[in-house]
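# Fold and contact review
Spelled out, the chains give:
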Amino acid sequence: FNPAKFSFGEGIRSGNNVQIILIYLVVLLIIIVASANYISLSLSKSLKQARVISLKKILGAGSHNIFISSLLETMIFFCMCLFFSFIFVILTLPVFNQLSGYQTQVRDLFSFDFLLISLISLISIVIVSGTLPALLLSKTKPLSILKINPQFFNVNKIQKGFVVFQFSISVVLICFSISILNQNNFVNKFDLGFDAEKILYIKLNRELQENKSTFKAELLKLSDINAASLCN
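Residues numbered from 1 in each chain as written. Predicted model: local features only at pLDDT ≥ 70, side-chain atom pairs only at ≥ 80, totals over all residues. Heavy atoms only, no water.

Attention shifts here to the overall build of the protein. Along the protein, the regular secondary structure elements total eight helices and zero strands. In sequence order, the secondary structure elements of the protein are arranged as α-α-α-α-α-α-α-α. When burial is assessed residue by residue, the protein has 22% of its 232 residues classed as buried. Looking at the protein alone, contacts between residues at least 24 apart form 72% of all its contacts between residues at least 6 apart. With the model as given, the accessible surface of the protein reaches about 17600 Å², and the carbon-plus-sulfur share is 66%. (Helix = DSSP H or I, 4+ residues; strand = E, 2+ residues; numbered from the N terminus. Buried < 20%, exposed > 50% of the residue type's maximum accessible area, 1.4 Å probe, protein only. Contact = heavy atoms within 4.5 Å. Areas by Shrake-Rupley, 256 points an atom, 1.4 Å probe, with all protein chains shown as cover.)

Below you can see the structure in the form of structure tokens.
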């Protein structure tokens, strides 16, 4: 999105770097909200697993075994999600190419760089989403869980905290979306002072560059040309 910075050849599309960063932030916030939602659901599920975990501990399972088992369960679940997301991206790739103007191929999704980024993202999300539920499950006390009315590490308070966090992130997402929408509307409706669709750009060869002022003057003599200017 920055041909001048990376010395790309002519014809490469450029873009608004600030807007791209905003979109990346929106995607990151969506992932954070999804992770918080998964943690909240995992905490609800852990209440049902508490007695099973307690029995495993009584039979000799250590806290580290419970922690690793819970984290592996999260990893398997997220691997399945990644698999289905690849299928979804492949199915929607033609629509993306039509909207973006690029011709991204399916093989690009299986390039080393893209797969490496996907793997790093998967591991990062698993660590962020799965560590807290796994840690809380591994620290359960069998005797307290096996009581008639167990109080299991104040799950309700933790879940309420995540709900507040999710709503806060949602507000930020809405603000980002409104900002991007307003910027797009401003750019699309901004009066440039001329009709951009009636501009002809001519790259001058060496001979014309040596006589550019004369060439410009000759252009202005044509009745169909309203204005002409030289640019570097």
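Counting residues in hydrophobic clusters, the biggest one holds eight residues: Leu22, Val26, Leu29, Val33, Ile169, Leu173, Phe176 and Ile180. Among the elements of the structure, helix H2 (17-58) and helix H6 (155-189) are those that each provide at least two residues to this core. For phenylalanine 176, the residues in contact, after removing those within four places along its chain, are Leu22, Leu25, Val26 and Leu29. One finds Ala36, Ile39, Leu43 and Phe162 within the second-largest nonpolar core, a separate group that totals five residues. (Core = buried A, V, L, I, M, F, W, Y, C linked by side-chain atoms within 4.5 Å.)

To continue, consider the side chain of serine 35. Its place among the elements puts serine 35 in helix H2. When sequence neighbours within four positions are dropped, the list of residues in contact with serine 35 reads Ile125 and Ser129.

Moving on to the packing of aromatic side chains. To describe a pair of aromatic rings, you give the distance between the ring centres and the angle between the ring planes. Throughout the structure, instances matching the rule amount to five aromatic pairs. With centroids separated by 6.0 Å and ring planes inclined at 85°, the aromatic side chains of phenylalanine 86 and phenylalanine 114 adopt a geometry described as edge-to-face. Taken together, the positions of phenylalanine 86 in helix H3 (residues 63-100) and phenylalanine 114 in helix H4 (residues 112-138) put the pair 28 residues apart, joining distant regions of the chain. The exposure class assigned to phenylalanine 114 is partly exposed, which follows from its relative accessible area of 34%. (Phe/Tyr/Trp six-rings, centres within 6.5 Å; stacked < 30°, edge-to-face > 60°.)

Moving on, we come to the pattern of salt bridges. In the structure shown here, the tally under the stated rule is one salt bridge. Glutamate 218 is paired through a salt bridge with lysine 221; the nearest N and O atoms lie 3.2 Å apart. Since its relative accessible area comes to 41%, glutamate 218 is described here as partly exposed. (Salt bridge = Lys/Arg side-chain N within 4 Å of Asp/Glu carboxyl O.)

Here the second largest pocket is characterised by a volume of approximately 940 Å³. In terms of lining, the second largest pocket is formed by 23 residues, of which the most central are Ile199, Leu200, Tyr201, Ala228 and Ser229. If you tally residues by element for the lining of the second largest pocket, the top one is helix H8 (residues 212-220), at four residues. Per-class residue counts for the lining of the second largest pocket are 13 nonpolar, four polar and six charged. (1 Å grid on protein atoms, 1.4 Å probe; cavity = no way out; pocket = protein on both sides within 12 Å on 5 of 7 lines; lining within 4 Å. Points joined across faces, edges and corners; volume = space filled by probe spheres on them. Nonpolar A, V, L, I, M, F, W, Y, C, P; charged D, E, K, R; others polar.)

Once that is clear, we can look at the environment of tyrosine 38. Note that tyrosine 38 resides in helix H2. Classification of tyrosine 38 by relative accessible area gives buried; the value is 17%. For the pair tyrosine 38 and proline 133, spaced 95 residues apart in sequence, the C-alpha separation works out to 9.7 Å. Leave out the neighbours within four places in its chain, and tyrosine 38 touches Thr74, Phe77, Phe78 and Ser129.

Everything listed is a geometric property; what it means functionally is a separate question.
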